[in-house]
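Single-letter residue listing:
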Amino acid sequence: MEGIRKQLTDAGQANVVSSFSKVYRANRVSNIRKWFLGILIGMGLILLLPWTQNIRTRGDVTALRQEQRPQELNTIIAGRIVKWNVKEGDFVKKGDTIAVLAEIKDDYLDPALLNRTEEQLESKKTAVESYRSKVQTVDAQIKALENSLSLKVSEIQNKIYQQRQKITADSMDMLAAQNDYNFKQVQFKRQKALYDSGLVSLLQLEQRNQAFQDAQAKRTSAEIKFGNSKQEMIRLQLELNGEQQQYLEKISKASGDRYQSLSQIATGAGEIAKLENQYTNYNIRSGQYYIKAPQDGQVVRARKSGLNEIVKEGEMLVEIVPANPQLAVELYVKPVDLPLVDTGQRVRFIFDGFPAIVFSGWPQASYGTFSGKVVVVENGLNDNGLFRVLVVEDPNEKPWPKELKMGTGASGFALLKDVPIWYELWRNINGFPPEYYKTSKASEKTKK
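The structure presented is a predicted model; accordingly, all values stated were derived computationally and were not measured.

Calculation criteria
Residues numbered from 1 in each chain as written. Predicted model: local features only at pLDDT ≥ 70, side-chain atom pairs only at ≥ 80, totals over all residues. Heavy atoms only, no water. Helix = DSSP H or I, 4+ residues; strand = E, 2+ residues; numbered from the N terminus. Buried < 20%, exposed > 50% of the residue type's maximum accessible area, 1.4 Å probe, protein only. Contact = heavy atoms within 4.5 Å. Pairing = 2+ DSSP bridges. Salt bridge = Lys/Arg side-chain N within 4 Å of Asp/Glu carboxyl O. Axes fitted to C-alpha atoms, helices over the stretch in contact; angles between N-to-C directions. Parallel < 35°, antiparallel > 145°, perpendicular 65-115°, else oblique. Nonpolar A, V, L, I, M, F, W, Y, C, P; charged D, E, K, R; others polar. Core = buried A, V, L, I, M, F, W, Y, C linked by side-chain atoms within 4.5 Å.

## Things to note about the overall build of the protein
So, step 1. Helix and strand content of the protein: six helices and 14 strands.
So, step 2. The buried share among the 448 residues of the protein stands at 30%.
So, step 3. Pairs at least 24 apart in sequence give 79% of the contacts found in the protein among residues at least 6 apart.

## Describing unusual backbone geometry
So, step 1. Despite not being glycine, R301 has its phi angle at roughly 50°, a positive value.
So, step 2. Within the secondary structure, R301 is located in the loop between β7 (297-300) and β8 (310-311).
So, step 3. Here N308, not a glycine, exhibits a phi torsion of approximately 65°, which is positive.

## Some details on the pairing of strand β13 (residues 387-393)
So, step 1. The element β13 is largely enclosed, with a buried count of six among its seven residues.
So, step 2. Of the pairings in the sheet, the one linking strand β10 (residues 327-333) to β13 comprises six bridges and is antiparallel in character. Along β13, the bridge assignment pairs Y332 with R388.
So, step 3. Examined bridge by bridge, strand β12 (residues 370-381) and β13 share six bridges and lie antiparallel to one another.

## Some points on the sheet that holds strand β2 (residues 71-74)
So, step 1. Taken in spatial order, the four strands make up an open sheet running β2-β9-β7-β4, and their pairing is antiparallel. With one partner strand each, in any of the chains shown, β2 and β4 (91-92) form the two edges of the open sheet.
So, step 2. Where β4 lies against β7, two bridges are found, and the strand directions are antiparallel. Residue pairing in the sheet places F91 in a bridge with Q298 of β7.

## Some thoughts on the pattern of salt bridges
So, step 1. Across all of its chains, the model carries 20 salt bridges by this definition.
So, step 2. A salt bridge links K125 to E276; the nearest nitrogen and oxygen atoms lie 3.9 Å apart. Note that K125 is positioned in helix α3 (residues 113-197) and E276 in helix α4 (residues 202-287), a separation of 151 residues in sequence.
So, step 3. Taking relative accessible area as the criterion, K125 reaches 31% and is therefore assigned partly exposed.
So, step 4. Linking R235 and E239 is a salt bridge whose minimum nitrogen-to-oxygen distance equals 3.3 Å. Here E239 and R235 lie together in helix α4, a separation of four residues that amounts to about one turn.
So, step 5. For E239, a relative accessible area of 23% corresponds to the partly exposed category.
So, step 6. Through salt bridges with shared partners, a single ionic network connects E232, R235 and E239.

## Section: the packing of α3 against α4
So, step 1. At a minimum axis distance of 6 Å, the contact between α3 and α4 shows a crossing angle of 170°. In this view, α3 runs roughly antiparallel relative to α4, as classed from their interaxial angle.
So, step 2. Each residue belonging to the contact of α3 with α4 can be placed in one class, and the counts come to 40 nonpolar, 23 polar and 30 charged.

## Things to note about the nonpolar core
So, step 1. Counting 16 residues, the largest nonpolar core has V329, F349, F351, V391 and W400 as its most contacted members.
So, step 2. Among the elements of the structure, β10, β11 (346-351), β12 and β13 are those that each provide at least two residues to this core.
So, step 3. For this core, the element with the highest residue contribution is β10, accounting for four residues.
So, step 4. Ignoring any residue separated from it by four or fewer positions in sequence, one finds F351 in contact with V61, V329, F370, W400, P401, L404, G409 and A410.
So, step 5. Judged by nonpolar contacts, the second largest core, of 15 residues, contains V138, L145, I160 and A254.

## Some thoughts on the pairing of strand β5 (residues 97-102)
So, step 1. The element β5 is largely enclosed, with a buried count of five among its six residues.
So, step 2. When strand β3 (residues 79-84) meets β5, the two strands line up antiparallel, connected through four bridges. By the bridge assignment for β5, R80 is matched with A102.
So, step 3. Judged from the three bridges that link them, β5 and strand β6 (residues 290-292) form a sheet pairing that is antiparallel. Directly across from T97, in β6, lies its bridge partner K292.

Below, the structure is given as structure tokens:
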């Protein structure tokens, strides 16, 4: 028994020594320090690796030009839908008829409205031409009256001139008769004085008296003739004034008719312009019954369905998505990042529905991203409190997917300058924006 106990004791002591050597390894060399130093050195090297700063944002795919974006097709006039030529999802060409409308307003229900308006227009034009002919006739009449007036005035003025010459001659005759009367009167007085003295006979006195009476009669006749000549002159002047007044009245009446015709022409011209305007409006309105596609595209979102539905002026019928638009990505940038964005800057994208592996700091190592260039940076703040930026495809990089549709979501990050990782961590810890510290050369380069 003692031998067995001794053997067991020796075996226990041997196990204790073996376990002690396995648990307490104070004399063994450890590799923890090496691993710790290696990890520190690796982290230090990682912190020294380059990191591309970027601005991350979210947006949608749209078209670069506004006329290439989805547009509403509205009715210009109110009407009733009588026919649909397309359905939702159909592709149409520019000028294809999408729907046909019928008139609903009382003023345009007459099917012969254009023809009747044209007849009114032609009748008014004929009336205006008649008034123009009347004006030409009145002009000829006025010209004839003026010529007659000129001839009549010349004739009367010629008579006045002759009468004036006659007055001059009669005045000379009257002056000669007056002189003869004075001379015969002196002779008669002298002869009477001689007769009273008894120097001459009664017969000689009577002869002188007779000569004196003849001279007096001649003087009276000359005065009457001179007076008649002056009266004739007054009559001719009155006749001249009368003829002038008569012809002026005729000319004035003809001129009144002429101006009345001109007024009718002006009124008719205004009515013709109004009828032409109405005819053009009716003609254009008749073409508005056919709702046509403004450009090539796909018809979507029909707001009206069925037939005989009433549409108002300017109401939307369908929406058209233009074909083959120049795609762009519409991004929204925070105000704090706006100074770092400029036209021509490179942007990387991840489009919804297209798989990608992204390392934002190492764009070269990313997979499934697409490149673009900033073309528009808006200066106005949008309703969402962000600034709008448009980015187009970079022709020097991988093309964008052909399957992209307008409205597809996109995540973008604008690439800035390369910095060490430690600097990026320090910047984020302090809350500084990218490129917060810029040298003058870097700023000039960025501006260029």
